[in-house]
Amino acid sequence: MARPKIALIGGGQIGGVLAQLCALRELGDVVLFDIVEGLPQGKCLDIAEASPVDGFDVELKGTNDYKDIEGANVVIVTAGLPRKPGMSRDDLIEVNSKIMRQVSEGIKQYAPESFVIVISNPLDAMVTLCQKVTGFPYNRVIGQAGVLDSARFASFIAWELGVSVKDVTAMTLGGHGDDMVPLVRYASVNGIPVMELLERKYKDKAKAKEVMEAMVKRTRGAGGEVVALLKTGSAFYSPASSAMAMAESIIRDQKRVLPTCAFLQGEFGVNGYYVGVPCVLGAEGIEQIIEFELDAEEQAMMDKSVAAVKGLVDSLQL
Ligand code: TXD
């Protein structure tokens, strides 16, 4: 049986890490596409030459020709500019929407049956554009942001409590912007509410609340924190790992419940927009959108985040 084929559009920082992760996990054969000549070819050759050391049996091909993505099962899009210090994700909309239109045409022509995971920023708007241009069904065009935002939130909780990251469950909802919604009430350590653990640690409810608020704030600004340190670009290891979890759940039909930028049709009171919510990802792409009760405060934060997404998406004039 043929190995799955994964096309990575954009061979920059995230694209390169994605190619290496696909190989190390033997998720499938990789085609890495970029408009810069030599860049994807060089990265693929470099990764492939590590295969005897790491022991993986997948093919890696770097290309500047969309034809090479033909037959891809999964396409992951990172093409576009990253942020520089002082920029918001939304500042990228003009330049990246031009790139996203081209990329989506290429995917539509050469990989019409593929599942597409968009990573490029501003994420919610870029996924919307990709779906519109490809015309693919909503279950096959999704965006990665929530897995990363949630992983950042979970990391901060684990570090604060001195527990393994493996035992922390934490999730963010909403758009991939400064108004994202880290869900405090549902954050837990093996099912035990994080707020209870913080209150026990500090023996003071107000202090526990303050510590949690700081973690929520850090989560919302976590992308910018990395940009400020790197100065030349944005986070790339963690976004690549996050998209890999989504691709793996689809390719291996794992049915994991992952926060996904998904097209909502009434769920969480949102109609006709792509927003981050928990979804079951399996062989059919989005197999379920998981809805649950938000309290008034959470719903208000969600509404604010969705309003920001709407403003940006509506400016695209699709
Ligand atoms: O969680 C998330 N969704 C994100 C998203 C987290 C971090 C960064 N995120 C965004 O991903 C970031 O704001 C950017 O919009 C993308 C890609 O970030 P990366 O760090 O990989 O950017 P690079 O290194 O600049 O790589 C982008 C590549 C680069 O090699 C360009 O030559 C290429 O995109 N590029 C193109 N490829 C194909 N087609 C076209 N038209 C094109 N234009 C540029």
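Conventions used here
- Residues numbered from 1 in each chain as written.
- Predicted model: local features only at pLDDT ≥ 70, side-chain atom pairs only at ≥ 80, totals over all residues.
- Heavy atoms only, no water.
- Near = heavy atom within 4 Å.
- Polar contact = N/O pair within 3.5 Å; in protein donor to acceptor, adjacent residues only side chain to side chain.
- Areas by Shrake-Rupley, 256 points an atom, 1.4 Å probe, with all protein chains shown as cover.
- Helix = DSSP H or I, 4+ residues; strand = E, 2+ residues; numbered from the N terminus.
- Nonpolar A, V, L, I, M, F, W, Y, C, P; charged D, E, K, R; others polar.
- Expected span 1.5 Å × (residues − 1).
- Buried < 20%, exposed > 50% of the residue type's maximum accessible area, 1.4 Å probe, protein only.
- Contact = heavy atoms within 4.5 Å.

Around the ligand there are 29 residues in total, and Gln13, Ile14, Asp34, Leu81 and Gln144 lie nearest to it. One of the backbone nitrogen or oxygen atoms of isoleucine 14 is found 2.9 Å away from an oxygen atom of the ligand. Glycine 80 is positioned with one of its backbone polar atoms (N or O) 3.3 Å from an oxygen atom of the ligand. When isolated, the ligand has an accessible area of 870 Å², and the protein chains bury 90% of it. If you list the elements that add at least two residues to the shell around the ligand, you get helix 1 (13-24) and helix 4 (93-110). Top element by residues in the shell around the ligand is helix 4. It accounts for four residues. Of the residues that constitute the shell around the ligand, the class distribution is 16 nonpolar, 12 polar and one charged.

For helix 1, which comprises 12 residues, the first-to-last C-alpha distance of 17 Å matches the rise-based estimate of 16 Å (1.5 Å per residue) to within 8%. Regarding helix 1, the residues found buried are Ile14, Gly15, Gly16, Val17, Leu18, Ala19, Leu21, Cys22 and Ala23. On its buried face, helix 1 sits against strand 1 (5-9), strand 2 (29-33), helix 2 (39-48), strand 3 (60-63), strand 4 (74-77) and helix 10 (237-251). Directly beyond the C-terminal end of helix 1, a positive phi value near 50° is found at glutamate 26.

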